[in-house]
Amino acid sequence: MKPAPFRYERPETLDRALAALAAEPGAKVLAGGQSLIPLMSMRLSSVPLLIDINGLSDLAHITVDETGVRFGAIVRHSDLLEHGGAREVQPLIAAALAHVAHPTIRNRGTTVGSIVHADASGEMPMILCLTGGSLTVASTQGRREIAATDLFIGPLETSLEAEEIAVEAFMPALAAGSGIAYDEIARRHGDYALCGVGAVVTLDEQGRVTHARTGYVSVSETPVIVDVTECFDEGQVDERSLTAAGELALGQLDPETDIHGTSDYRAQLARSLTARVLRTAHEDARARGAQKVSA
Ligand SMILES: Cc1cc2nc3c(=O)[nH]c(=O)nc-3n(C[C@H](O)[C@H](O)[C@H](O)COP(=O)(O)OP(=O)(O)OC[C@H]3O[C@@H](n4cnc5c(N)ncnc54)[C@H](O)[C@@H]3O)c2cc1C
């Protein structure tokens, strides 16, 4: 199918893009177009004016320092995935991005666009939450920062106002003593996950778990983060604690049945992936700790 008729503008400055967005009710930002264009082509979305932000070269940055990773609104998934500094400072980004769609879509789709699209089946909205990140948005009135915890308010719905453009996302650095993991089950590589789970585990100097958090993709209407620290009695990782973490998480999830899988199947995936990623994140934390000692 073809989209309904729409107008198209490609402003050269952010101020012009913001003015155009404020002036036209229903206008939408076009980033990578990998979600918006299919929706328009299937006539699930009708947009009077598309404001293409790909000419805004100020939004093409990836900046890494000891506090974390900042990336602009036109940074492609593939650029972020391949960025060595980002991978080092916050390894969850690359671990999850490797599962986002296929290379052709990653070459065009933007990570900020994916966050703003707020699909609970998308990896990066959950990763923004799991890392405790934030989004900076701009309008003709100025800028504000939205914490990930305040961003995702419903299925495909964020707390951005209609006249705001997301200019940058920030994901804090991995804390000292921590390890990460991300894994998912999809019908085919590159498909949206039936269930995806990320984990961050932090150890003390004796190797005991002091914090453990998991994040979930495709098993609720918005990304869900669960603090599972209480499952690790005396900070020990064993079958009992990993099983308990899966059960604790399931109590906060709402897996649904759709054409791809039943709710029971998704629940079982969430259970087993929780144990798997926590075990891997624990091993990762130990390995990073050992590397630091030998350096
Ligand atoms: C076949 C296929 C498979 C895919 N598989 C996956 C997958 O496994 N995992 C996954 O996470 N994603 C997947 N995607 C989606 C892909 O990651 C998209 O790139 C992403 O969801 C949207 O990014 P985009 O830059 O293409 O945004 P667009 O499609 O341009 O925009 C999406 C929405 O966000 C808004 N928007 C975008 N940028 C901004 C901004 N800076 N400020 C304000 N509003 C903005 C747009 O107005 C629009 O409403 C898949 C897509 C396809 C076509």
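Residues numbered from 1 in each chain as written. Predicted model: local features only at pLDDT ≥ 70, side-chain atom pairs only at ≥ 80, totals over all residues. Heavy atoms only, no water.

**Points about the overall build of the protein chain**
No. 1: Of the regular secondary structure elements, the protein chain holds eleven helices and 14 strands.
No. 2: Taken over the C-alpha trace, the protein chain has a radius of gyration of 20 Å; the compact-globule value for 295 residues is 19 Å, and the two agree within 12%.
No. 3: Projected onto the principal axes, the alpha-carbon positions of the protein chain cover approximately 60 × 45 × 30 Å.
No. 4: Taking all 295 residues of the protein chain together, the buried fraction comes to 51%.
No. 5: Put simply, of all contacts in the protein chain between residues at least 6 apart along the chain, 61% involve residues at least 24 apart. (Helix = DSSP H or I, 4+ residues; strand = E, 2+ residues; numbered from the N terminus. Rg over C-alpha atoms; globule rule 2.2 N^0.38 Å. Buried < 20%, exposed > 50% of the residue type's maximum accessible area, 1.4 Å probe, protein only. Contact = heavy atoms within 4.5 Å.)

**Structural notes on helix α8 (residues 123-130)**
No. 1: For α8, the buried fraction is high: eight of the eight residues fall into the buried class.
No. 2: Listing the buried residues of α8 in full gives E123, M124, P125, M126, I127, L128, C129 and L130.
No. 3: Once α8 ends, the next one or two residues include G132, with phi positive near 70°.

**A short note on the nonpolar core**
No. 1: Counting residues in hydrophobic clusters, the biggest one holds 56 residues, and the most contacted among them are F71, I115, M124 and L135.
No. 2: With six residues, α8 is the largest single contributor of residues to this core.
No. 3: Grouped together as the second largest cluster of nonpolar side chains are 30 residues, L194, V201, F232 and A270 included. (Core = buried A, V, L, I, M, F, W, Y, C linked by side-chain atoms within 4.5 Å.)

**Describing the sheet that holds strand β13 (residues 209-217)**
No. 1: One open sheet holds the four strands; their spatial order is β11-β12-β13-β14, and the pairing between them is antiparallel. What marks the edges here is a single partner per strand, and that holds for β11 (178-185) and β14 (224-227). Averaged over all pairs of adjacent strands, the angle between strand axes in this sheet comes to 15°, irrespective of strand direction.
No. 2: In this structure, β13 lies alongside β14, joined through four bridges in antiparallel fashion. Counterpart to Y216 in the pairing with β14 is V224.
No. 3: Relative to the sheet, α8 contacts β11, β12 (195-203), β13 and β14, its axis offset from that of β13 by approximately 155°. (Pairing = 2+ DSSP bridges. Axes fitted to C-alpha atoms, helices over the stretch in contact; angles between N-to-C directions.)

**Focus: the UniProt feature "domain: FAD-binding PCMH-type" (unreviewed entry) in the protein chain**
No. 1: Residues annotated in UniProt with the feature "domain: FAD-binding PCMH-type" (unreviewed entry) correspond here to residues 1-176.
No. 2: Between the C-alpha atoms that bound residues 1-176 there is a distance of 51 Å. The span itself is 32% helix and 25% strand. (UniProt positions renumbered as here; feature names shortened; annotations may be inferred.)

**Brief notes about the domain arrangement of the protein chain**
No. 1: Here the domain parsing of the protein chain yields domain 1 (7-52), domain 2 (57-172) and domain 3 (178-294).
No. 2: Put simply, the middle of domain 1 and the middle of domain 3, counted by C-alpha atoms, are 37 Å apart. (Domains from an automatic or database assignment.)

**Observations regarding the site of the ligand**
No. 1: The ligand sits among 31 residues. The nearest are V29, G33, L36, T110 and E123.
No. 2: One nitrogen or oxygen atom from the main chain of A31 is found 2.9 Å from an oxygen atom belonging to the ligand.
No. 3: In this structure, E123 approaches the ligand through a side-chain N or O atom, which is 2.7 Å from a nitrogen atom.
No. 4: Elements supplying a minimum of two residues to the shell around the ligand: β2 (28-30), α7 (111-117) and β10 (165-172).
No. 5: Of all the elements, α7 adds the most residues to the shell around the ligand, at five residues.
No. 6: A per-class count over the shell around the ligand returns 14 nonpolar, 13 polar and four charged. (Near = heavy atom within 4 Å. Polar contact = N/O pair within 3.5 Å; in protein donor to acceptor, adjacent residues only side chain to side chain. Nonpolar A, V, L, I, M, F, W, Y, C, P; charged D, E, K, R; others polar.)

**A word on the environment of L156**
No. 1: The topology assignment puts L156 in the loop between β8 (152-154) and β9 (157-158).
No. 2: When the C-alpha positions of L156 and A118 are compared, they lie 4.6 Å apart, and in sequence the two are 38 residues distant.
No. 3: Leaving out residues up to four positions away in the same chain, L156 has contacts with H117, A118 and D119.

**Describing the sheet that holds strand β4 (residues 62-65)**
No. 1: The strand order across the open sheet built from five strands is β4-β5-β10-β6-β7, with neighbouring strands paired in antiparallel fashion. Only two strands of the sheet have a single neighbouring strand rather than two, namely β4 and β7 (142-147). Here the average twist between neighbouring strands, direction ignored, is 20°.
No. 2: As judged from the four bridges shared by β4 and strand β5 (residues 68-72), these two strands associate in the antiparallel manner. If you follow T63 over to β5, its bridge partner there is R70.
No. 3: With respect to the sheet, helix α1 (residues 14-23) is in contact with β6 (134-139), β7 and β10, its orientation differing from that of β10 by roughly 120°.
No. 4: The strands that α8 touches are β6 and β10; relative to β10, the one it contacts most, it runs at about 55°.

**A closer look at the packing of aromatic side chains**
No. 1: A complete count under the given rule lists zero aromatic pairs for this structure.
No. 2: The positively charged end of R70 is found above the aromatic ring belonging to F170, 4.2 Å away from the centroid. (Phe/Tyr/Trp six-rings, centres within 6.5 Å; stacked < 30°, edge-to-face > 60°. Lys NZ or Arg CZ within 6 Å of the ring centre and 35° of its normal.)

**Some remarks on the pairing of β14**
No. 1: With burial as the criterion, only one face of β14 is covered, namely that bearing V224 and V226; the residues I225 and D227 on the opposite face remain uncovered.
No. 2: The turn joining β13 and β14, which pair antiparallel and follow one another in sequence, is formed by six residues; a positive phi near 70° is taken by S218.

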